[in-house]
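Structural overview for review
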Amino acid sequence: MLHLAPKMETDPRVLGTRRDPPALRQCCDSYICPVCDQVVELTDFRQVVWHQRPAHKPMEMDG
């Protein structure tokens, strides 16, 4: 049935554009914990788990 549909020559062609890879966004690598106001690095699993506990205290950082 589709082969009977008239072809439209007036439709504009959609051309793809090549883009550079997106830059790494550092805005999404951390957040401020609403409970203890400490910066949580999402790349550190220990910090993420610690700050998911209710009524926690700020995590002591090694160093």
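Below is a short write-up of the structure. (Residues numbered from 1 in each chain as written. Predicted model: local features only at pLDDT ≥ 70, side-chain atom pairs only at ≥ 80, totals over all residues. Heavy atoms only, no water.)

Some thoughts on the overall build of the protein
In plain terms, the rule: Secondary structure is summarised from DSSP: a helix means a run of H or I of at least four residues, a strand means a run of E of at least two, and numbering begins at the N terminus for each. Any pair of residues with heavy atoms lying within 4.5 Å of one another is described as a contacting pair.
Broken down by element type, the protein carries one helix and two strands. When the helices and strands of the protein are placed in sequence order, the string is β-β-α. Put simply, of all contacts in the protein between residues at least 6 apart along the chain, 0% involve residues at least 24 apart.

Notes on the side chain of Gln38
Heads up, the rule is: For every residue, the accessible area (1.4 Å probe, protein chains only) is compared with the maximum for its type, and the residue is labelled buried under 20%, exposed over 50%, or partly exposed between those bounds.
Examined against the element boundaries, Gln38 turns out to sit in the loop between strand 1 (30-32) and strand 2 (39-41). With a relative accessible area of 16%, Gln38 lands in the buried category. When residues no more than four places from it in sequence are discounted, the contact partners of Gln38 are Tyr31, Ile32, Cys33, His51, Pro58, Met59 and Met61.

Some points on the side chain of His51
In plain terms, the rule: Whenever a nitrogen or oxygen atom comes within 3.5 Å of another N or O atom, the pair is scored as a polar contact, on the condition that within protein one atom can donate a hydrogen and the other can accept it, and that pairs from neighbouring residues in sequence are kept only if both atoms are in side chains.
Relative to the helices and strands, His51 resides in the segment after helix 1 (45-50). Within the structure, the side chain of His51 is placed 3.3 Å from the side chain of Gln38, a separation counted as a polar contact. Apart from the residues lying within four places of it in its own chain, the contact partners of His51 are Tyr31, Cys33, Cys36, Gln38, Val40, His56 and Met59.

Looking at the packing of aromatic side chains
Defined as follows: Each Phe, Tyr or Trp ring (for Trp, its six-membered ring) is paired with any other whose centre lies within 6.5 Å, and the angle between the two planes then decides the class: stacked below 30 degrees, edge-to-face above 60, tilted in between. In this scheme, Lys NZ or Arg CZ marks a charge over a ring once it lies within 6 Å of the ring centre and within 35 degrees of the ring normal.
With the rule as written, the count across this model stands at zero aromatic pairs. Residue placement shows Arg53 over the ring face of Trp50; its charged tip is 4.1 Å from the ring centre.

Comments concerning the environment of His51
By relative accessible area, which is 7% here, His51 ends up buried. On a C-alpha basis, the gap between His51 and Val39 in space is 9.8 Å, while along the polypeptide they are twelve residues apart. Here His56 takes part through its side chain, which lies 3.0 Å from a polar atom of the side chain of His51.

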